[in-house]
Amino acid sequence: MLPILHQDDHMVVIHKPSGLLVHRSELDRHETRFAVQLLRDQLGRHVYPAHRLDRGTSGVLVFALDKDTARALGGQFERQEVDKTYLAVVRGHPPEQGRIDHPLTRRRDDAEWVGSRSSDDAQSAVTDYRRLATCELPHTVDRYPTSRYALVELNPLTGRRHQIRRHLKHIAHPIIGDATFGKGRHNRLFQELFGCQRMLLACTRMRLSHPVDGRPLDLVAPVDGDFARVVDALGWGPALGPTLYTP
């Protein structure tokens, strides 16, 4: 059963686990489990994803229950009216806060994103971030005798494909567990130390307007599973607070 964060007559919001595709993709033809299919079977009705999360990213995922609501929700995401908050564990110690303003070329998929532009030109992409906690582990990776990591809160102001992952790589603080944009040796260290088998990126909060009555919705998905175990092992729970982390 997929954990449901919110449900009414028009929409449903789940906490998507890491490793689950939102829907069928030509890039993962062998996969047989998708959030759309699982939620449809769980509710016994059609569902329409309003946005997407990468396969490895966990957290808040919004679905409409009818086509009109899907159009209304999709419009909010396309107009960048949705406030999204992510958490990530990254290599190194980034500045306490900052803005990554770095255009990104379009990364194509199999038409998952209805209404996206067809141009291959770089598009503006902006992500604000805030460092919440740091650690230094007594393990040699690369040329340094110790390894530094940080817990970072991120707010993407635009919605480009793989934006957060690519932006963090751009500033040399890639996400732990990211097999595409990260560093294999750091990923393996977290597997060995914490048994972490996932990318440490989660959409933990989303604020939007209800597509029918306009009331504000504040949707929260606390860290769980491997992500929560890493937070616990590194003593980062207090930096998140009880809303996002429960020991």
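Caption draft 1: Geometry of the nonpolar core. Core analysis: the largest hydrophobic core is formed by 42 residues, its most contacted members being Val60, Val62, Phe63, Leu154, Ile175 and Met206. Considering each element in turn, this core owes the most residues, 5 residues, to strand 4 (residues 58-64).

Caption draft 2: Up close: the packing of aromatic side chains. Tallying each qualifying case throughout the model produces 2 aromatic pairs. A ring pair is formed by Tyr149 and Phe190, whose centres lie 4.8 Å apart and whose planes are at 80°; its orientation type is edge-to-face. Of this pair, Tyr149 sits in strand 8 (residues 147-156) while Phe190 sits in helix 4 (residues 184-194), and the two are 41 residues apart along the sequence. Residues Tyr149 and Phe190 agree in their burial class; the two are buried.

Caption draft 3: How the structure looks around the pattern of salt bridges. Overall, the coordinates contain 15 salt bridges when judged by the stated rule. The closest approach of N and O atoms between Arg131 and Glu96, which form a salt bridge, is 4.0 Å. A residue pair is termed long-range when its members are at least 10 positions apart, and Arg131 in strand 7 (residues 126-137) and Glu96 in the loop between strand 5 (83-91) and strand 6 (97-101) qualify at 35 residues. One salt bridge connects Asp178 with Arg165, and the closest N-O pair in it is separated by 2.8 Å. Taken as a pair, Asp178 in the loop between helix 3 (163-170) and helix 4 and Arg165 in helix 3 lie far apart in primary sequence, 13 residues in all. The same class applies to Asp178 and to Arg165, which are both buried. The network of salt bridges with shared partners includes Asp83, Arg205, Arg207 and Asp218.

Caption draft 4: Structural view of the state of the cysteines. Counted according to the given criterion, the structure contains 0 disulfides. Take Cys135: it sits in no disulfide, and the sulfur closest to it among the cysteines is that of Cys196, at 13 Å. Cys203 takes part in no disulfide bond, and the closest cysteine sulfur to it belongs to Cys196, at a distance of 18 Å. Classification of Cys203 by relative accessible area gives buried; the value is 0%.

Caption draft 5: The arrangement of the side chain of Gln76 in detail. Along the polypeptide, Gln76 turns up in helix 2 (residues 67-78). Taking relative accessible area as the criterion, Gln76 reaches 6% and is therefore assigned buried. Among the polar contacts made by the side chain of Gln76, one reaches the main-chain carbonyl oxygen of Ser209 at a distance of 2.7 Å. Not counting chain neighbours up to four residues away, the residues in contact with Gln76 comprise Glu81, Val82, Leu208, Ser209 and Pro211.

Caption draft 6: Structural context of the environment of Leu2. You can see Leu2 is positioned in the segment before strand 1 (4-7). Distance in space between the C-alpha atoms of Leu2 and Leu38 is 7.6 Å, their sequence separation being 36 residues. Apart from the residues within four sequence positions on either side, Leu2 is in contact with Ile14, Pro17, Leu20, Ala35, Leu38, Leu39 and Gln42.

Caption draft 7: Expanded view of the pairing of strand 5. Of all 9 residues in strand 5, 8 are buried; the element is thus mostly enclosed. With 6 bridges connecting them, strand 5 and strand 9 (residues 201-209) associate as antiparallel partners. Looking at strand 9, one finds that Tyr86 is bridged to Cys203. As judged from the 6 bridges shared by strand 5 and strand 8, these two strands associate in the antiparallel manner. Bridged to Arg91 within strand 8 is Tyr149.

Each value, and the rule that gives it
- Residues numbered from 1 in each chain as written.
- Predicted model: local features only at pLDDT ≥ 70, side-chain atom pairs only at ≥ 80, totals over all residues.
- Heavy atoms only, no water.
- Core = buried A, V, L, I, M, F, W, Y, C linked by side-chain atoms within 4.5 Å.
- Buried < 20%, exposed > 50% of the residue type's maximum accessible area, 1.4 Å probe, protein only.
- Helix = DSSP H or I, 4+ residues; strand = E, 2+ residues; numbered from the N terminus.
- Phe/Tyr/Trp six-rings, centres within 6.5 Å; stacked < 30°, edge-to-face > 60°.
- Salt bridge = Lys/Arg side-chain N within 4 Å of Asp/Glu carboxyl O.
- Disulfide = S-S within 2.5 Å.
- Polar contact = N/O pair within 3.5 Å; in protein donor to acceptor, adjacent residues only side chain to side chain.
- Contact = heavy atoms within 4.5 Å.
- Pairing = 2+ DSSP bridges.

These figures come from the coordinates and say nothing about function on their own.
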